[in-house]
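Single-letter residue listing:
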2 protein chains.
Amino acid sequence: MKFLHTSDWHLGRQFHNVSLLDDQAAILNQIVQYIAEHPVDALLIAGDIYDRSVPPANAIELLDHVLTTLCQDMGVPVIMIPGNHDGAARLAFGARHMRDAGLHIIANFEQMLEPVVLSSNDAGEVAFYGMPYHDPEVVRHAYQEAVHSHDEAHQLLCEKITKTFDPSQHHVLLSHCFVDGAMESESERPLSIGGSDRVNHEHFLPFDYVALGHLHQPQKKGRDSIRYSGSLMKYSFSEQHQKKGMTLVTFDQQGFVSSESIPLISPHDMRIIEGELEEIIAKAADDPRPNDYLLVRLTDKHAILDPMEKLRQVYPNVLHIEKPGMLIGMDQPVASQRLKRSEVDMFADFFQEAQQSELTPAQSEAIAAVVQELKQGDRE
Amino acid sequence: MKFLHTSDWHLGRQFHNVSLLDDQAAILNQIVQYIAEHPVDALLIAGDIYDRSVPPANAIELLDHVLTTLCQDMGVPVIMIPGNHDGAARLAFGARHMRDAGLHIIANFEQMLEPVVLSSNDAGEVAFYGMPYHDPEVVRHAYQEAVHSHDEAHQLLCEKITKTFDPSQHHVLLSHCFVDGAMESESERPLSIGGSDRVNHEHFLPFDYVALGHLHQPQKKGRDSIRYSGSLMKYSFSEQHQKKGMTLVTFDQQGFVSSESIPLISPHDMRIIEGELEEIIAKAADDPRPNDYLLVRLTDKHAILDPMEKLRQVYPNVLHIEKPGMLIGMDQPVASQRLKRSEVDMFADFFQEAQQSELTPAQSEAIAAVVQELKQGDRE
């Protein structure tokens, strides 16, 4: 038996105000092509299908198209769980109607205990369990047990699942979490503040394979069969050197045999270029990939008029410019200001995160007025 | 063959800042109960399933629960189309996976030409066609034909559908539109401005039955078999005297036989009470339904301190107070101002529609700042 493990599709993501949907569609098409040429028994998606709980309509259409192709046209079962970016209830609409069609959206604790069982001649029966992403509070509330951290939540949920194990079957788990000691990238949204989101990989030892999502860098943790597939594509410039792909997992009668990384190539790579403006522009003619998404770090020490316009004549998809050279000698009061944050500051951070651009002064003012209004409302 | 025709569920609707979801759940339960006691061959929903294109998660969960009960547990096929309040792409996610499970979401022109065919011993085969709600521009674009109005769009789409007719079958159409001459209520959102949304009922004559949605008052148009079922419940005080329900339609070998209204009763009725404050409060003790949602029209000619607090001691769900008596002699400059509307005015109307409350001065200011900002952005 062979199945593909993917995660962190983040469909509908914007990056520096650029929609990545066309790139995502091209990569999903690579997955479909791969499966057409190398049949597999299932495709797993370990959470963060969408980039946000209310995804744009064209991201929904893209997912619908891909899943219809896979499940309906090609007959490949797809098993998925919501991640911290997904809205579980939204994602799970119609889940029970779709099961018989081979689309398994595991979004609540009841479904978590009803594995999707697939069988093959070479590996017998494999039971796929999905652990939908939930905050520890939700787990505590659902089971009325003392659960205060992601680690305790995972311990409890893994116990609930392993109790249902049929020893004649192999067992695979999909989970969306941060395994302690694993490597972060800049494009993951923290699950909780202050490090209490870390989960010990030992909870996963009873499983033959654990298909993890959340961290965007492909990696194993603890042993070969506890793995992050990594995200569909690069979602931050800090990932410029990561190799993105999906993980092809092979099982036999004894269970896990091997995992192999199958590369996925985005039409636009995401890269950082550093140097002086003139030098970067001069070298651009020899760059084989001028259409990549670029962060340019200008090392010039003097002010430059409209560097973005100049750069975009050779690199049309420069998305951001940093000028570390210009900061020498400047005060950087940012850190000290962070200690006492107003609502408007926090909203500005959120806006920056969500929109990849800063609030204009007029927008700041408008938000300040709304916050003031809400505070007055609270007092009244 | 018997099927139930419903429309305009508007799940997730807020009314004067009160969520109607519990009432909607209770009424949907009446539908399930009715079908449990009086089996039918199908349930139709002629659009406006949700109240808005991005419905709240608990409305999605309610719909999922009801459809799972009907299709999965009770084996009753459900056929639905999006209305002008629904987001067609969002509603249609997974549609192809759900067909075999008996849930038919007809949301595009391709699906429109593939009827859901049900058969029974007493009526033979009945083909159910759904015409998803679309603006005329979308129809024009899809078929590259001169379509400028809802009427022309319906004419074209009905022609496309009737061309696929199998004469051995009976034909039912679901459509979400405003049939010319039908009666409006205050809770419908206009399909387009200035009356160009009206559709001639004659386009529908080739069908044995037409299950209409959009208008909230149950009514027939043109002939007995072209009908609005009306909305699930009252969605404005102007509907206080309407009888809400669903339409039970019976077919035999000759096609349409009869339609019958099956009442649906909301836990809270929606009523208008008029009179002087003291008089209303005195009579309240004898009111058999003190928990209804009320609009109170106070006819007192003098100012009253906090009438809402006084009224809510006897009628806890007073949602709005009007004081026509207080307006005598006051200027009413509203109508003349309507001629020239600013963006802020239009947003204020939208806010009033969506939130059932007026913008505060600070909110108005904040919106004005944002509009100003956007206009500056456009010019730059």
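Since the model is a prediction, treat every value here as computed from it, not as a measurement.

Colleague: Would you mind going over the sheet that holds strand β19 (residues 318-322) of chain A with me for this structure?
Modeller: Pairing between the strands of a sheet is mediated by backbone hydrogen bonds and can be parallel or antiparallel. All names here are of chain A. Pairing in this open sheet of three strands is parallel, and the strands run β17-β18-β19 from one edge to the other. At either margin of the open sheet sits one strand with a lone partner, and together these are β17 (270-275) and β19. Between one strand axis and the next, the sheet turns through 20 degrees on average, direction left out of account. By the bridge criterion, four bridges tie strand β18 (residues 293-298) to β19 in an arrangement that is parallel. Bridge pairing in β19 places R297 opposite E322. Each of β17 and β18 is contacted by helix α8 (residues 277-284), which is oriented at about 125 degrees to β17, the strand it contacts most.

Colleague: Whenever I open this one, the sheet that holds strand β7 (residues 116-120) of chain A confuses me. Can you help?
Modeller: Residues and elements named next belong to chain A. Taken in spatial order, the six strands of this open sheet run β7-β8-β9-β12-β14-β13, and their pairing is mixed. The sheet is open, and its two edges are formed by β7 and β13 (219-221), each paired on a single side. Here the average twist between neighbouring strands, direction ignored, is 30 degrees. Bridge analysis of strand β9 (residues 170-176) against strand β12 (residues 209-213) gives five bridges, and the strand direction is parallel. What sits directly across from L173, in β12, is V210. Running at roughly 150 degrees to strand β8 (residues 124-131), helix α7 (residues 150-163) makes contact with β8 and β9 of the sheet.

Colleague: Explain the relation of the copies chain A and chain B here, please?
Modeller: The operation relating the two chain copies consists of a rotation about an axis and a shift along that axis. When chain A is fitted onto chain B, the two copies agree to an RMSD of 0.2 Å after a turn of 180 degrees and an axial shift of 0.0 Å. Read as a symmetry element, the transformation amounts to a two-fold axis. Residues of chain A ranked by C-alpha distance from the rotation axis are headed by A:A366, positioned 2.0 Å from it. Take the interface residues of chain A: 100% of them recur as interface residues in chain B, which is what a same-surface contact looks like.

Colleague: It is not clear to me how the side chain of B:T68 should be interpreted in this structure. Could you clarify?
Modeller: Note that B:T68 resides in helix α2 (residues 57-73). Contact partners of B:T68, with chain neighbours within four places excluded, come to A:R96, A:H97 and B:D73.

Colleague: Can you walk me through the domain arrangement of chain A in this structure?
Modeller: For an interface, size is often stated in terms of accessible area lost upon the parts coming together. All names here are of chain A. Each domain of chain A was delimited in the assignment, giving domain 1 (2-263) and domain 2 (271-379). Computed from C-alpha atoms alone, the centre-to-centre distance between domain 1 and domain 2 is 33 Å. Contacts between the two partners involve ten residues from domain 1 and, on the opposite side, ten residues from domain 2. Carbon and sulfur atoms supply 62% of the area buried between domain 1 and domain 2, which totals about 970 Å² over both sides. Run the count over domain 1 and domain 2 and you get zero salt bridges. On the surface where domain 1 and domain 2 come into contact, there are two residue pairs in polar contact (both at pLDDT 80 or more). Those elements that place two or more of their residues in the side of domain 1 that touches domain 2 are β2 (14-15) and β3 (18-19).

Colleague: Mind showing me how you'd approach the side chain of B:H216 here?
Modeller: Residues and elements named next belong to chain B. Mapping H216 onto the fold places it in the loop between β12 (209-213) and β13 (219-221). Classification of H216 as buried rests on a relative accessible area of 0%. A distance of 3.3 Å separates the side chain of H216 from the side chain of D8, its partner in a polar contact.

Colleague: Please clarify how the pattern of salt bridges should be interpreted in this entry.
Modeller: Two side chains with opposite charge may pair up if their charged atoms get near one another. One pass over the structure, following the stated rule, counts 30 salt bridges over all chains. Among the ionic pairs, A:R198 bridges to A:E184, the shortest N-O distance being 3.6 Å. A residue pair is termed long-range when its members are at least 10 positions apart, and A:R198 in strand β11 (residues 198-199) and A:E184 in the loop between β10 (178-179) and β11 qualify at 14 residues. Between B:D292 and B:R289 there is a salt bridge, with its nearest N and O atoms 3.0 Å apart. A residue is classified by how much of its surface remains accessible, and B:R289, at 33% relative accessible area, is partly exposed.

Colleague: Can you walk me through helix α6 (residues 136-143) of chain A in this structure?
Modeller: Two residues of an α-helix separated by three or four positions point the same way, owing to the 3.6 residues in each turn. All names here are of chain A. Those residues of α6 that sit buried are P136, V139 and Y143. Within α6, the buried residues cover an arc of 60 degrees as seen down the axis, which keeps them to one side. In the core, the buried residues of α6 are packed alongside α5 (109-112) and α7. Of the residues one or two after α6, Q144 is the one with positive phi, at around 55 degrees.

Colleague: Looking at this model, I keep getting lost on unusual backbone geometry. Mind explaining?
Modeller: Residue and element names in this part refer to chain A. In this model, H10 sits at a positive phi of 50 degrees, which is unusual for a non-glycine residue. Assignment of secondary structure puts H10 in the loop between β1 (2-6) and β2. The exposure class assigned to H10 is buried, which follows from its relative accessible area of 0%. At D306, a position not held by glycine, the phi torsion is positive, near 45 degrees. Position of D306 relative to the elements: it lies in the loop between β18 and α9 (307-312).

Colleague: Would you take a moment to explain the packing of aromatic side chains for this structure?
Modeller: Think of a pair of aromatic rings as described by two things: how far the centres are apart, and how the planes are tilted against each other in angle. Residues and elements named next belong to chain A. Across all of its chains, the model carries 18 aromatic pairs over all chains by this definition. On the numbers, 5.5 Å between centres and 55 degrees between planes, the contact of F109 with Y143 is tilted. Here Y143 lies in helix α6 and F109 lies in helix α5, a separation of 34 residues in the sequence. F109 gets classed as buried once you look at its relative accessible area, which sits at 12%. Residues Y129 and F165 carry aromatic rings whose centres are separated by 5.7 Å and whose planes lie at 45 degrees to one another, so their mutual orientation is tilted. Here Y129 is found in strand β8, whereas its partner F165 is found in the loop between α7 and β9, with 36 residues between them in sequence. Exposure class is identical for Y129 and F165. Each is buried. Here the aromatic cluster, defined as three or more aromatic residues joined through ring pairs, consists of F3, F128, Y209, F251 and F256. Sitting above the plane of the F178 ring, R198 keeps its charged end 3.7 Å from the centroid.

Colleague: Please explain the environment of A:D252 as it appears in this structure.
Modeller: Residue and element names in this part refer to chain A. Tracing the backbone shows D252 in strand β15 (residues 245-252). Linking D252 and G124, residues 128 residues apart in sequence, is a C-alpha distance of 7.7 Å. Those residues within four positions of D252 in sequence are excluded, and the remaining contacts are D122, A123, H170 and V257. Among the polar contacts listed, one links the side chain of D252 to the backbone nitrogen of Q254, at a separation of 2.7 Å.

Colleague: Help me out: how do you make sense of the packing of helix α1 (residues 21-37) of chain A against helix α2 (residues 57-73) of chain A in this one?
Modeller: Pairs of packed helices are described in terms of their axes, by the angle between the two and the distance that separates them. All names here are of chain A. Orientation of α1 relative to α2, taken along the N-to-C sense of each, is 5 degrees, at an axis distance of 11 Å. Put simply, α1 runs roughly parallel to α2. Across from L21, Q24, A25, L28, V32 and I35 in α1, the residues of α2 making contact are N58, A59, L62, V66, T69 and L70. Along the lines of polarity and charge, the residues of the contact of α1 with α2 split into nine nonpolar, three polar and no charged.

Colleague: Would you mind showing me how to read the interface of chain A and chain B here?
Modeller: With 33 residues of chain A at the interface, the matching set in chain B holds 33 residues. Interface area for chain A against chain B, summed over the two sides, is near 2,800 Å², with a carbon-plus-sulfur share of 63%. Among the residues of chain A in contact with chain B, A:F93, A:R96 and A:H97 are the three that bury the most area, contributing 29% of the side total. In this assembly, chain A and chain B are joined by two salt bridges. Where A:R96 meets B:D73, a salt bridge forms, and the shortest distance between an N and an O atom there is 3.1 Å.

So, how was this worked out
Residues numbered from 1 in each chain as written. Chains lettered and ligands numbered in written order. Predicted model: local features only at pLDDT ≥ 70, side-chain atom pairs only at ≥ 80, totals over all residues. Heavy atoms only, no water. Pairing = 2+ DSSP bridges. Helix = DSSP H or I, 4+ residues; strand = E, 2+ residues; numbered from the N terminus. Axes fitted to C-alpha atoms, helices over the stretch in contact; angles between N-to-C directions. Contact = heavy atoms within 4.5 Å. Least-squares fit on C-alpha atoms with pLDDT ≥ 70 in both. Domains from an automatic or database assignment. Buried area = accessible area lost by both parts, 1.4 Å probe. Salt bridge = Lys/Arg side-chain N within 4 Å of Asp/Glu carboxyl O. Polar contact = N/O pair within 3.5 Å; in protein donor to acceptor, adjacent residues only side chain to side chain. Buried < 20%, exposed > 50% of the residue type's maximum accessible area, 1.4 Å probe, protein only. Arc of directions from axis to C-beta. Phe/Tyr/Trp six-rings, centres within 6.5 Å; stacked < 30°, edge-to-face > 60°. Lys NZ or Arg CZ within 6 Å of the ring centre and 35° of its normal. Parallel < 35°, antiparallel > 145°, perpendicular 65-115°, else oblique. Nonpolar A, V, L, I, M, F, W, Y, C, P; charged D, E, K, R; others polar.

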